[in-house]
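What follows is each chain in one-letter form.
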Amino acid sequence: MVFRYELEGGNFSKAGHASSEIKKTLKQLSVDPRIIKRIVVALYEAEVNVVAHAWKGEVLAEVEANQITLTLRDEGPGIPDIPLAMQEGYSTASPAVRQMGFGAGMGLPNMKKNVDELEIESRVGVGTNVRMVTRFSGE
Amino acid sequence: MKVNELIEELNLTLFCGEAGVDNEIKGGYTCDLLSDVMGNIEEGMVWITMQTHQNVLAVASLKDAAAVLIVNGYEPDGEMREKTMEGAIPILGTKLSAFEASGIIYRLLHGK
């Protein structure tokens, strides 16, 4: 099964929609609730990243019998230094985004902690692709 | 302790999410950083915060929080109220500060 959701830069009212839908789907498939929680944390953070930084993007969720692959592609400013962005506490979020309680530099680290595989590819001025894989059987 | 018992004990305002007043409260988490809450709050906790926008609800619902308690007399914004209608997470309010509310709830839950 493949699901697709659109994301719009700056539109925080849509952030979390994909996470909420995926949560419902995985529940129906009787995936371990602890694993669902981890997937949802990672996907929500990834959604917020697109909304907070990019112009637009999409979430592709590929659900297989034993794993889920989440791909987020955005058109946006890109990430010039990925290892720096991965550091806890590092953030380039705007003051408005910080005021909402985001932008603490925890998004990417939270994603990494909660998935089995995380790959990030980015081109400055073009956009970022994030791919996250989680297996349902646990580690 | 159930959410409606907490409402009575602390004389809280119930802004919306009436469907969830029977949710069992297993603990609490006090923080205004959404990513920290996303990473650390556990299912069944009451989330104590002064954030009032709709993303609070998204986080609370994704993590299955028992309720959200907005402190310092703040109120949920319009979009947050609208969205809560769809879910079952009570959004509560108090004039107490986060420190006071957390202290009182901690004592209620842990009996110390």
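As the structure is a computational prediction, the values presented were derived from the model and not from experiment. (Residues numbered from 1 in each chain as written. Chains lettered and ligands numbered in written order. Predicted model: local features only at pLDDT ≥ 70, side-chain atom pairs only at ≥ 80, totals over all residues. Heavy atoms only, no water.)

Draft legend 1. Region of the structure containing the sheet that holds strand β2 (residues 56–63) of chain A. Residues and elements named next belong to chain A. The antiparallel open sheet is built from five strands, whose spatial order is β1-β2-β3-β5-β4. Two strands close off the open sheet at either side, each with one partner strand: β1 (2–8) and β4 (117–123). On average, each strand axis in the sheet is tilted by 10 degrees relative to the strand beside it, whichever way the strands run. The pairing of β1 with β2 spans seven bridges and is antiparallel. Bridge assignment links F3 to a residue of β2, and that residue is A61. Helix-sheet contacts for helix α2 (residues 33–53) involve β1, β2, β3 (67–75) and β5 (127–135), and the interaxial angle to β3 is about 5 degrees. (Pairing = 2+ DSSP bridges. Helix = DSSP H or I, 4+ residues; strand = E, 2+ residues; numbered from the N terminus. Axes fitted to C-alpha atoms, helices over the stretch in contact; angles between N-to-C directions. Contact = heavy atoms within 4.5 Å.)

Draft legend 2. Focus on the pattern of salt bridges. Tallied over the full model, the rule gives 14 salt bridges over all chains. Among the ionic pairs, R4 of chain A bridges to E58 of chain A, the shortest N-O distance being 2.5 Å. Of this pair, R4 of chain A sits in strand β1 while E58 of chain A is found in strand β2, placing the two residues 54 residues apart along the sequence. In this structure E58 of chain A comes out as buried when scored by relative accessible area, which is 15%. Here D64 of chain B makes a salt bridge to K23 of chain A, at a shortest N to O gap of 2.9 Å. Placement of D64 of chain B in the loop between α3 (54–62) and β4 (67–70) and of K23 of chain A in helix α1 (residues 17–28) is noted, with the two residues assigned to different chains. Look at the salt bridges and you will find they share partners, linking R4, E6, E58 and R73 of chain A into a network. (Salt bridge = Lys/Arg side-chain N within 4 Å of Asp/Glu carboxyl O. Buried < 20%, exposed > 50% of the residue type's maximum accessible area, 1.4 Å probe, protein only.)

Draft legend 3. Layout of unusual backbone geometry. Residue and element names in this part refer to chain B. Within the chain, N11 stands out as a residue other than glycine whose phi angle is a positive 55 degrees. Note on placement: N11 falls in the loop between α1 (3–10) and β1 (13–16). Residue N11 is classed as exposed on the basis of its relative accessible area of 69%. One non-glycine residue with positive phi stands out, namely D64, at about 55 degrees.

Draft legend 4. Geometry of the pairing of β5 of chain A. Residues and elements named next belong to chain A. Bridge analysis of β3 against β5 gives nine bridges, and the strand direction is antiparallel. Pairing of E75 across the sheet is with G127, part of β5. Both β4 and β5 contribute to a ladder of seven bridges, which runs antiparallel. Paired with E119 across the two strands is R131, which belongs to β5. The loop that links β4 with its antiparallel partner β5 comprises three residues; one of these, G125, has a positive phi angle of about 80 degrees.

Draft legend 5. Local environment of the interface of chain A and chain B. Counting from both sides, the interface comprises 19 residues of chain A and, opposite them, 20 residues of chain B. Each partner contributes to the roughly 1600 Å² buried at the junction of chain A and chain B, and carbon and sulfur atoms together form 55% of this total. Connecting chain A to chain B are three salt bridges. In this structure, K37 of chain A and D64 of chain B form a salt bridge, with 3.4 Å as the shortest nitrogen-oxygen distance. Of all the secondary structure elements, the ones that give two or more residues to the side of chain A that touches chain B are α1, α2 and α5 (107–114) of chain A. Ranked by the residues each element gives to the side of chain A that touches chain B, the list is headed by α2 of chain A, at five residues. Residues that form the side of chain A that touches chain B fall into these classes: nine nonpolar, seven polar and three charged. (Buried area = accessible area lost by both parts, 1.4 Å probe. Nonpolar A, V, L, I, M, F, W, Y, C, P; charged D, E, K, R; others polar.)

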